[in-house]
Amino acid sequence: MSNWLAETIHQAEKIDDWLSPKRAQSLSLLKSTAWPTRQTEAWKYTPINVIERAVFKSANDPQIQAEQNSCSKIPNLQAIDLIFVDGIFDRSASTQLLPEGLTISSLSEGADLSWALSSFNQTKPKHHFFGLINDTLATQGCIIDVAEDQCIDQPIRIAQSFSLDSQSHTRILVRLGKRAKVTVIEQLQGDQLSFNTSFAEYQIADHAYLEHYRLAMQCEQAISVGGCHFHLGTSSQLNSNLIGFGSQLSRVDMDIIHTGEHSNAKANVIYLLDGKEVFDLHSAIEHTVANGVSEQNIRCIVADRANAIFNGRIHIHRNAQKILAAMNNRNLLLSDNAQINTKPELEIYADDVRCAHSATIAEIDDEAMFYLQSRGVNRGDAQVLLSFGFINELVDQMNNAAIAQWLRPILRQRFANMEIR
Amino acid sequence: MLKINNLHVNVANNDIIKGLTLSIKPGEVHAIMGPNGAGKSTLGYALTGRDGYQVTQGSATLNGTDLLDLEVEDRAAAGLFLAFQYPVEIPGVSNMEFLKVSVDSQRKARGLETLSSSDFLKRAKAACKQVNLPLAFLKRGVNEGFSGGEKKRNEIMQMILLEPVLSILDESDSGLDIDALKIVAEGINSQRDGQRSFIVITHYQRLLDYIKPDFVHVLADGKIIKSGGPELALELEAQGYAWLESYDRNAQEASA
């Protein structure tokens, strides 16, 4: 066992709060789970040894310069802000006044909420190694409850930033009552050497609608492992958008579990990787009942020596008939040394389903190239325009105009800095 | 202005154009008609330089510049424009951005200063209104989800903004209802200033009711087999191409 893990277990054993019964279960699982290596399939391409090598301090450590939250502001978003610095909730920087039907508590206040304990760990897979770490160590985070029939117009933005050498573990629990509607944005930023795990669990009740964004925009030295896990009730809807910038290690697990019929989930994912960055998405769609719809569009642009990993699992359970599931993964390589590791995993046990998947390394479309050139645009400029269009198409599909508008120039700039070689 | 001499074009090892000669003066409108497979679209692609359309013989110059020697984008900068029969959809690239990059590229290539954003926006809005497309179309992806008629009008809008000296309109009338046809024709007519020239490729005389051509050519089996004034289009409309082909065969037999 690594020193880091030993220290983690030691820290976890000292925590005593309302989640202790859950933490104890995860701790015993963690003790019997081997540290993942390159031979562990789920972590095959993820360089997690960087965690063992570094030394991190918790935000309480006097050596950590807890600064202000450094996440970029999103103009015109008019959000309800929940601000975290190195995993610590900054109440004074967060929105105090909440609209009717919305209750937000910090994770430490969860003892007063009977549903919170029973929802904890119901959506997140049990055996995710860093999920277990988060179970045992996350004492900070938030609990969001949208009452039945409430449509919350203001989006909720959970902004987390991370400073040098910090280690933090946060947990987010969200419950949408029946027919409720809300937008939740998880924004993670920071490029200095730091380590965080941030897992979010969403329960979307019957006929409810969640618009979700995870802006995993930590770069360079940051180490981030996290997940977003969704539980969908009957006729509920999820529209999720994930932006992945790579860092020395950035990993997101996304689980979408359809437990009610006629539920509909869409996830659009953009990766934009440069340098030696790594971004790893493991997604799993579980259709446990009939008549569900799921659609995933994953588009990656990978330059220099960056590594994009996508593992997409679709599991259609026995008797889950009439499922429409589509998974499209398109990748654009800008350099010979860039890597894309993509793996679809389909497990289908029902016979009357439509399940389509594709994974391609995209070439620039010849027709579109000729069209642009015939208008006077040179090959190089046309290539930039078309490549950016390739990911911008997914930005165009975002329902929140403020996020799309804020994101477009950021993605454009990041893309402009990438070299074709 | 445009001089095509004995042009031969090969596509996928098939000779499609087999010795085409055509000369166009400034301000002229030439209609090219002909049966399916005659090589009408191939002419447009060969002149604009599409990959796979190989010129095996002959020459084509625009105002003295050898077109065939230039890259696709340099032919555009020299003043050549092709309105596509099937305009390409490019999701994710807004029409506005596409137009701005196109106009900027051509202005740069011609040694002109690029337009300021507000200046360009003014022109783009005017062109958009002229072809009767809602301004929202400027923000949409290039041709993305446009109807057939909207795509054709978008082509004309590009032509208006790019101000080419020679425009080739490849079946810009196909798939249009009568109102859309008028809008397209008016868009083209608005660009006729006695200097700029047009090649109008069409199957039907109908378009020529709205765009009065100076010359009509019949293209069949890779060659111009007959040229005349606007009255030739009316004859074709009345009698079809079969009449011409037999006419042509007889003429060839007579000369043999």
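Reading guide: rules and limits
Residues numbered from 1 in each chain as written. Chains lettered and ligands numbered in written order. Predicted model: local features only at pLDDT ≥ 70, side-chain atom pairs only at ≥ 80, totals over all residues. Pairing = 2+ DSSP bridges. Helix = DSSP H or I, 4+ residues; strand = E, 2+ residues; numbered from the N terminus. Contact = placed C-beta atoms within 7 Å. Axes fitted to C-alpha atoms, helices over the stretch in contact; angles between N-to-C directions. Nonpolar A, V, L, I, M, F, W, Y, C, P; charged D, E, K, R; others polar. Expected span 1.5 Å × (residues − 1). Buried ≥ 20, exposed ≤ 12 C-beta atoms within 10 Å, placed from the backbone. Arc of directions from axis to C-beta.

A.B. asks: I'm lost on the sheet that holds strand 12 (residues 237–245) of chain A in this one. Help?
C.D. replies: All names here are of chain A. In space, the ten strands of this open sheet follow the order 3-2-6-8-10-12-14-16-18-20, with mixed pairing throughout. Here the strands that pair on one side only, and so sit at the sheet edges, are strand 3 (88–89) and strand 20 (354–361). Relative to strand 6 (residues 156–161), strand 2 (residues 80–85) is paired through six bridges, and the arrangement is parallel. Bridged to valine 85 within strand 6 is serine 161. Packing against the sheet, helix 7 (residues 379–396) makes contact with strand 14 (264–273), strand 16 (293–302) and strand 18 (324–333), and its axis sits at approximately 150° to strand 16.

A.B. asks: Mind showing me how you'd approach the interface of chain B and chain A here?
C.D. replies: By convention, interface size is frequently given as the accessible area that disappears when the constituent parts associate. With 21 residues of chain B in contact, the opposing surface of chain A contributes 19 residues. Within the residue set of the side of chain B that touches chain A, elements represented by two or more residues are helix 2 (72–77), strand 7 (90–94), helix 3 (95–109) and helix 5 (148–162) of chain B. Here the side of chain B that touches chain A gets five residues from one element, more than from any other, and that element is helix 3 of chain B. Residues of the side of chain B that touches chain A, tallied by class, amount to eleven nonpolar, seven polar and three charged.

A.B. asks: For this particular structure, what's the right way to read the pairing of strand 1 (residues 2–11) of chain B?
C.D. replies: Consecutive residues of a regular strand have side chains that alternate between opposite faces of the sheet. Residue and element names in this part refer to chain B. Two elements, strand 1 and strand 2 (residues 14–24), share eight bridges in a ladder whose sense is antiparallel. Note that in strand 2 the partner of isoleucine 4 across the bridge is leucine 22. Where strand 1 and strand 4 (residues 53–62) come together, eight bridges link them in antiparallel fashion. Pairing of leucine 2 across the sheet is with leucine 62, part of strand 4.

A.B. asks: Help me understand helix 6 (residues 178–190) of chain B in this model?
C.D. replies: Count 3.6 residues to each turn of an α-helix, and residues three or four apart come out pointing the same way. Residue and element names in this part refer to chain B. End to end, helix 6 covers 18 Å across 13 residues, agreeing with the expected 18 Å (1.5 Å per residue, within 8%). Buried residues of helix 6: Leu181, Val184, Ala185, Gly187 and Ile188, and no others. Projected down its long axis, helix 6 carries its buried residues within an arc of 155°, all on one side. On its buried side, helix 6 packs onto helix 4 (117–130), helix 5, strand 9 (166–170), strand 10 (197–201) and helix 7 (206–210).

A.B. asks: Just checking my understanding: could you explain the sheet that holds strand 12 (residues 223–228) of chain B for this structure?
C.D. replies: Sheet strands line up and pair through hydrogen bonds in the backbone, either parallel or antiparallel. All names here are of chain B. The strand order 6-9-10-3-11-12 describes an open sheet built from six strands, whose pairing is mixed. Two strands in the sheet have a free side with no partner beyond their single neighbour: strand 6 (80–83) and strand 12. Each adjacent strand pair in this sheet contributes to an overall mean axis angle of 20°, direction not counted. Looking at chain direction, strand 3 (residues 29–33) and strand 11 (residues 215–220) are connected through four bridges and run parallel. For alanine 31, the partnering residue across the bridge sits in strand 11 and is valine 216. In the packing of helix 5 onto the sheet, the strands contacted are strand 6 and strand 9, and the crossing angle to strand 6 comes to about 165°.

A.B. asks: Honestly, the environment of serine 283 of chain A in this entry has me stumped. Any pointers?
C.D. replies: All names here are of chain A. Turning to its location among the elements, serine 283 is positioned in strand 15 (residues 278–287). For serine 283, a count of 24 C-beta atoms within 10 Å gives the class buried. Taking the C-alpha atoms as reference, serine 283 lies 13 Å from asparagine 241; in sequence the two are 42 residues apart. Discounting chain neighbours no more than four positions away, the residues touching serine 283 are Met254, Gln296, Gly312 and Arg313.

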